Amino acid sequence: MGLQLAERPVEKTRRLRRLALTALPLTAVLVLSGCSEEGKRFAMPEPVTEEGTHILSLWQGAWIAALVVGVFVWGLIFYAVVRFRRRSDDEIPVQTRYNLPLEIFYTIFPIIMVVVFFSHTVRVQNIVLDDSPPDNVVYVVGQQWSWTFNYPESVDGQNVYTAGTGNIIPTLYLPVGQTTRFELRTPDVIHDFGVPGFLMKMDVMPGQKNHFQVTPTTEGTYAGKCYELCGIYHSRMLFNVEVVSEAEYQLRLDEMAERGDISDEPLLGPDLVCTQVGLPEEASQEFIEECR
Ligand SMILES: [Cu+2]
């Protein structure tokens, strides 16, 4: 008996030390990651469009709400574990079966949470999928295995375009401060058009006319990609986005026209979108020439 009593405080100290050793690095990681800009965005990329800032706020709000609830629940768990632990081998802790107020609370509270999350999601979705008339329209065509960007009625009332291939990464140009609508089309399988900096992506489906619009706020070059595993060379479906001034935007469109990348209508089908998998760059240029 005397031995047992002597061991207990030592055991307790050991347990506390172990708990501190686990909790300290975890807290340090949380606090330090919270200090960085990326930590404040909860690992989301920095938004470069007006719509992206709304998506970021939704993401941050959801994380903060989830963390507050998490801390509350973890607190209750630890409180119950410590407060109602078994204190000796011949004792059973108090066995409580029903607690009506508590049961009502943990039924109603999650419902309120779901309603709050849902209403904020719908609000942000309505902003992001806003259909008001845009300043520009770009027909984005996803094809195995690249992208074609069409700018209809943009140079002398005609369509100009940039067609990527499996070896040529195409660039999409967008004027800063203007709203551009992406009309998403594909002649083959389901792709998914997205740019991390926009915090937005959308499926590109055969027979389905999906669209969304963005208003870029910061000039710069951003990477985009296909987010849907669309086949064997899915990983080649990369593209660049250049957000430029209005003057440079017009200049880039004129360059496309000068290069001969001009047509009456946007190139939407497999016959007109000339891409080929696995060809070296010169060969694929030849292929494009032939195909025109
Ligand atoms: Cu794809």
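Being a predicted model, the structure only gives us computed values, none of them experimental. (Residues numbered from 1 in each chain as written. Predicted model: local features only at pLDDT ≥ 70, side-chain atom pairs only at ≥ 80, totals over all residues.)

S.K.: Outline the sheet that holds strand 4 (residues 171–175), listing residues and values.
M.R.: Sheet architecture is open: 5 strands sit in the order 4-10-9-6-7, paired in mixed fashion. Where the open sheet ends on each side, the last strands, each with one partner, are strand 4 and strand 7 (200–204). Strand after strand, the sheet turns through a mean of 25 degrees between neighbouring axes, direction not considered. Here strand 4 runs beside strand 10 (residues 238–244); their pairing, made up of 5 bridges, is parallel. Residue pairing for strand 10: Thr-171 is matched across the bridge by Asn-240. Lying over the sheet, helix 5 (residues 246–259) contacts strand 4 and strand 10, oriented at roughly 140 degrees with respect to strand 4. (Pairing = 2+ DSSP bridges. Helix = DSSP H or I, 4+ residues; strand = E, 2+ residues; numbered from the N terminus. Axes fitted to C-alpha atoms, helices over the stretch in contact; angles between N-to-C directions. Contact = placed C-beta atoms within 7 Å.)

S.K.: Run through helix 4 (residues 100–128), naming residues and quoting values.
M.R.: Under the 1.5 Å per step criterion, the end-to-end length of helix 4 is 43 Å for 29 residues, consistent within 8% with the ideal 42 Å. Within helix 4, only 1 of the 29 residues are buried, which leaves the element largely exposed. (Expected span 1.5 Å × (residues − 1). Buried ≥ 20, exposed ≤ 12 C-beta atoms within 10 Å, placed from the backbone.)

S.K.: Break down the packing of helix 3 (residues 50–83) against helix 4 for me, citing the residues and quoting the values.
M.R.: Look at helix 3 against helix 4: their axes get within 9 Å of each other, and the N-to-C directions meet at 170 degrees. When the axis of helix 3 is compared with that of helix 4, the two are roughly antiparallel. In this structure, helix 3 contributes Glu-51, His-54, Ile-55, Leu-58, Gly-61, Ala-62 and Val-69 to the contact, and helix 4 contributes Met-113, Phe-117, His-120, Thr-121, Val-124, Ile-127 and Val-128. A breakdown of the residues in the contact of helix 3 with helix 4 according to their chemical character gives 9 nonpolar, 4 polar and 1 charged. (Parallel < 35°, antiparallel > 145°, perpendicular 65-115°, else oblique. Nonpolar A, V, L, I, M, F, W, Y, C, P; charged D, E, K, R; others polar.)

S.K.: Before we move on, can you summarise the pairing of strand 6 (residues 191–195) with the specific residues and values?
M.R.: Counting buried positions over the 5 residues of strand 6 gives 4, a clear majority of the element. Where strand 6 meets strand 7, 5 bridges bridge the pair, whose relative direction is antiparallel. Bridging across to strand 7, His-191 finds its partner in Val-204. Linking strand 6 back to strand 7 in an antiparallel pair, the connection comprises 4 residues, with Leu-199 at a positive phi of about 55 degrees. Pairing geometry for strand 6 and strand 9 (residues 220–226), over 2 bridges, is antiparallel. Across the sheet, residue Gly-194 finds its bridge partner in strand 9, namely Lys-225.

S.K.: Give me the UniProt feature "transmembrane region" (unreviewed entry) in the chain: which residues, what numbers.
M.R.: Per the UniProt record, "transmembrane region" (unreviewed entry) is annotated on residues 60–82 and 103–122. Measuring from the first to the last C-alpha atom of residues 60–82 gives 32 Å, for a span that is 100% helix and 0% strand. Note that residues 103–122 is 100% helix and 0% strand, and that its end C-alpha atoms are spaced 29 Å apart. (UniProt positions renumbered as here; feature names shortened; annotations may be inferred.)

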